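Residue-level structural notes
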Amino acid sequence: MIGYYVHHHGRGHLSRMTSVAAHLRSPVVGLSTLPAPPGFEDRWVRLPADDDPATGDDLDAGGVLHWAPLHHSGVRDRAAALTAWVARARPRLVVTDVSVEAALAVRLCGVPVVVVALPGERTDRAHVSAYDLAQGLLAPWPEGAHDTGWPQRWRDEALFVGGLSRFDGRPRVPATSTAGRRRVLVVWGAGGRDTDAGSVAAARAATPGWEWTERSPADPSPDLWHELCTADVVVTHAGQNAVADVAAARAPAVVVSQQRPFGEQEATVRAVQRLGVATGHVGWPPADRWPGLLDDAVRRGGAAWERWSTGRGAQDAAAWLDALAATPDAVPAAGVAS
């Protein structure tokens, strides 16, 4: 059995888990504060919440952890529920996507842990501890995107599967040419945004030859895959799953970072620029920049996304996890997934 811990912030962690789980041969049980997704009702452990407000001067155990306030009932109850499940179920492997505290708790129970690696500056003491104790690191981005500063020991135990999208393997929808204005699709995620409606309206006003459509959890698309494939340009926040979805569609794109801990989205913007797969910008650009940014994305096209996404990210991750669960004392050959 494989346990799969899912962080509750945003929806990208859950989407990644369900995509990988669909290809696992091993039985898998999800663990999260989130409710069970469809199909997981009988294999889901609902963990107590631990994000209630806390006061004090030692919320992170002196920098050893990320969130461990003293005498906090949510932290205590969550750790107890997680370790009780491990003792009861005796999993061969637990994947954490993501929590330093969950990774440490599981490893202290003597169970191998795979940590999903994230972009950004992850050299703080807590992240280093989690990455060092991991049996393997699952990197849902291509080698060279975010690992250039990693120590060799992390690279040796990592599997780089490239962008991992819920749409991988789905046939792309042919774009249809229409007379008149070209189409911009703006995609926001569930993790919050710091770009306000006025900034988007200013960009729309500055590009009168373009028709803008926004999609978000509050205003979801009736068929996001179709809209991704048929937009002339997709403007997306730089979350890992959103970028992977755009890459799967091979859509011309402008990738715009939103503020996240550890500079996660800024790092992704720099990576897509460095690899030449999309037009990137740190923060929402001024209105007068948008005509040039959209034209640049059209000129670049979307074919270069093949450097980011193989279309087999979930399958390759699942095969590696199955092999690791079968041989928990040794990491199967990692590196770049074929």
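Details of the structure are given in the entry above.
So, here's what we can say about the structure. (Residues numbered from 1 in each chain as written. Predicted model: local features only at pLDDT ≥ 70, side-chain atom pairs only at ≥ 80, totals over all residues. Heavy atoms only, no water.)

1. Re the nonpolar core
Inside soluble globular proteins, nonpolar side chains tend to come together where they are buried. Counting 58 residues, the largest nonpolar core has W150, L228, W305 and W308 as the members making the most contacts within it. Not counting the four nearest positions on each side in its chain, L228 is found in contact with F167, L185, V187, V234, D245, V246, A249 and A251. In this structure, L118, L138, V161 and A325 belong to the second largest nonpolar core, which totals 30 residues. (Core = buried A, V, L, I, M, F, W, Y, C linked by side-chain atoms within 4.5 Å. Buried < 20%, exposed > 50% of the residue type's maximum accessible area, 1.4 Å probe, protein only. Contact = heavy atoms within 4.5 Å.)

2. Here we look at the pairing of strand β8 (residues 182–187)
The pairing of β8 with strand β9 (residues 210–215) spans 6 bridges and is parallel. Opposite R183, over in β9, you have E211 as the bridge partner. Pairing of β8 with strand β10 (residues 233–237), which is carried by 4 bridges, proceeds in the parallel orientation. In the strand pairing of β10, V187 is matched with T236. (Pairing = 2+ DSSP bridges. Helix = DSSP H or I, 4+ residues; strand = E, 2+ residues; numbered from the N terminus.)

3. A look at the side chain of T268
Residue position: T268 is located in helix α9 (residues 264–275). Residues contacting T268, with those up to four places away along its chain left out, are P119, H146, A238, Q240 and V243.

4. Quick word on the packing of helix α3 (residues 100–108) against helix α4 (residues 125–133)
Close contact between α3 and α4 brings their axes to 9 Å; oriented N to C, the two are set at 40°. Classified by the interaxial angle, the pair formed by α3 and α4 is oblique. When you trace α3 past α4, the crossing you get is left-handed. Two secondary-structure elements touch here, α3 through V100, A103, L104 and R107 and α4 through A126, H127, A130 and L133. Counted by class, the contact of α3 with α4 contains 6 nonpolar, 1 polar and 1 charged residues. (Axes fitted to C-alpha atoms, helices over the stretch in contact; angles between N-to-C directions. Parallel < 35°, antiparallel > 145°, perpendicular 65-115°, else oblique. Left-handed = near helix turned anticlockwise from the far one by under 90°. Nonpolar A, V, L, I, M, F, W, Y, C, P; charged D, E, K, R; others polar.)

5. Some points on the environment of A267
Relative to the elements of secondary structure, A267 occurs in helix α9. Taking C-alpha positions, A267 is 29 Å from P112, a pair spaced 155 residues apart along the chain. Excluding its chain neighbours within four sequence positions, the residues that come into contact with A267 are P119, G120 and H146.

6. Some thoughts on the sheet that holds β9
Reading across the sheet, the 5 strands line up as β9-β8-β10-β11-β12 and stay open at both edges, with parallel pairing between neighbours. Each edge of the sheet is formed by a strand with only one pairing partner; in this case those strands are β9 and β12 (279–281). Ignoring which end each strand starts from, the neighbouring axes of this sheet average 20° apart. Across 3 bridges, strand β11 (residues 253–256) lies against β12 in parallel orientation. Within β12, the residue paired with V254 across the bridge is T279. Along the sheet, helix α8 (residues 240–249) makes contact with β10 and β11, crossing β10 at roughly 165°.

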